[in-house]
Amino acid sequence: MFKFLKSTRSGNDRPPPAASVSVAPSSEQQHSNVRRELIRVVLKDTLRLHGIPPGWLACEVFIITRPPSAEELHIQLVVMKWNEQLLRYAPTLQQQLLLGLDRFDPSIDHSGYIVSWRFSPDCGCPFTRMPDPKSWVKPALTQADDGIVPVLDRRHTRRPAKAPKLNPVPTDPQSHGPNFAPTQIAPLR
């Protein structure tokens, strides 16, 4: 008689399903992931090209969004294994990475990317304390003393030392001998 007080739902009745939510990344996220992967691939290729072991460097890529819908790409190169020679050529390696990105994707201007360096805590840096302050003002070794050929130089050997400039000695017009007639300047007519 009072059936309306009883629950009309049986055990098999379930609430209607909620609207499904898509978790697929947006096209901007997919584009960002493609750029991240491209940078990792180009870094790996650049390291291989220059003979640097792949475990020495890693990279992290951050996309920074600025208010007027502009994005900046920040590449952080992480030194995983300490090597002084690698650090000596860090600016050149950074430039080679950006040139590699230009080769792989010439439609984008990569020169505006922010590149920074970070050192892994377990990279093996032998220096645990700063040197004496006077050490910073000692003259640095020059490239000629090291005998190092710059990375961007296409030659495989050093350039020879520059020859001194020749300074011609002015000669006396009388010293040419008897068969030489000096030039006479004639007036124009």
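Just so we're clear, the structure is a prediction, and the values are computed from it rather than from any experiment.

Q: Before we go on, may I ask you to explain the sheet that holds strand S1 (residues 57–66) in this structure?
A: Sheets are built from strands paired through backbone hydrogen bonds, the pairs being either parallel or antiparallel. With mixed pairing, the three strands of this open sheet are ordered in space as S1-S2-S3. Since the sheet does not close on itself, it has two edges, and those belong to S1 and strand S3 (114–119), each with one partner. Averaged over neighbouring strand pairs, the angle between their axes works out to 25° when direction is ignored. Of the strand pairs in this sheet, strand S2 (residues 70–79) and S3 are connected by six bridges, and their pairing is parallel. Residue valine 78 lies in a different strand from S3, and its bridge partner there is arginine 118. Against the sheet, helix H3 (residues 90–104) makes contact with S1, S2 and S3, and its axis sits at roughly 135° relative to S3, the strand it touches most.

Q: Can you help me understand the packing of aromatic side chains in this one?
A: Given two aromatic rings, one states the distance between the centres and the angle between the planes to describe the pair. According to the stated counting rule, one finds two aromatic pairs in the structure shown. For the ring pair tryptophan 82 and phenylalanine 119, a centre distance of 6.2 Å and an interplane angle of 45° mean the geometry is tilted. Here phenylalanine 119 lies in strand S3 and tryptophan 82 lies in the loop between S2 and helix H2 (84–88), a separation of 37 residues in the sequence. Classification of tryptophan 82 by relative accessible area gives buried; the value is 19%.

Q: I keep staring at the nonpolar core and nothing clicks. Help me out?
A: For soluble globular proteins, nonpolar side chains are generally found buried alongside one another. Counting residues in each nonpolar core, the largest one holds 21 residues, and the members touching the most others are Ile39, Leu73, Ile75, Leu77, Leu101 and Tyr113. Each residue touching isoleucine 39, except ones within four places of it in the same chain, is listed here: Cys59, Val61, Leu73, Ile75, Leu97, Leu101 and Tyr113.

Q: Please clarify how the pattern of salt bridges should be interpreted in this entry.
A: Side chains that differ in sign of charge can pair as their charged atoms come close. This model, assessed by the stated rule, comprises two salt bridges. A salt bridge links aspartate 45 to arginine 48; the nearest nitrogen and oxygen atoms lie 2.5 Å apart. With aspartate 45 and arginine 48 both in helix H1 (residues 27–49), this residue pair falls three residues apart, about one helical turn. Residue glutamate 60 pairs with arginine 118 through a salt bridge whose shortest N-O separation is 3.1 Å. Pair noted here: glutamate 60 is in strand S1 and arginine 118 is in strand S3, with a separation of 58 residues, a long-range link. Exposure remark for arginine 118: the relative accessible area of 33% places this residue in the partly exposed category.

Q: Is there a simple way to think about the side chain of arginine 35 in this case?
A: For arginine 35, the position within the fold is in helix H1. With sequence-adjacent residues up to four places away left out, arginine 35 is seen in contact with Ile63, Glu71, Leu73 and Tyr113.

Q: Would you mind going over the confidence of the model for the protein chain with me for this structure?
A: Fine structural detail should not be taken from predicted coordinates in areas where pLDDT scores are low. In the predicted model, the protein chain carries a mean pLDDT of 77, and 66% of its residues have values of at least 70. For the protein chain, helix H4 (residues 143–146) is the element with the lowest average pLDDT, namely 48, and S3 is the one with the highest, namely 94. Low pLDDT, under 50, characterises residues 15–24; the stretch is placed with zero contacts to residues that sit more than four places away or in other chains.

The rules behind these values
- Residues numbered from 1 in each chain as written.
- Predicted model: local features only at pLDDT ≥ 70, side-chain atom pairs only at ≥ 80, totals over all residues.
- Heavy atoms only, no water.
- Pairing = 2+ DSSP bridges.
- Helix = DSSP H or I, 4+ residues; strand = E, 2+ residues; numbered from the N terminus.
- Axes fitted to C-alpha atoms, helices over the stretch in contact; angles between N-to-C directions.
- Contact = heavy atoms within 4.5 Å.
- Phe/Tyr/Trp six-rings, centres within 6.5 Å; stacked < 30°, edge-to-face > 60°.
- Buried < 20%, exposed > 50% of the residue type's maximum accessible area, 1.4 Å probe, protein only.
- Core = buried A, V, L, I, M, F, W, Y, C linked by side-chain atoms within 4.5 Å.
- Salt bridge = Lys/Arg side-chain N within 4 Å of Asp/Glu carboxyl O.
- pLDDT = per-residue confidence, 0-100.

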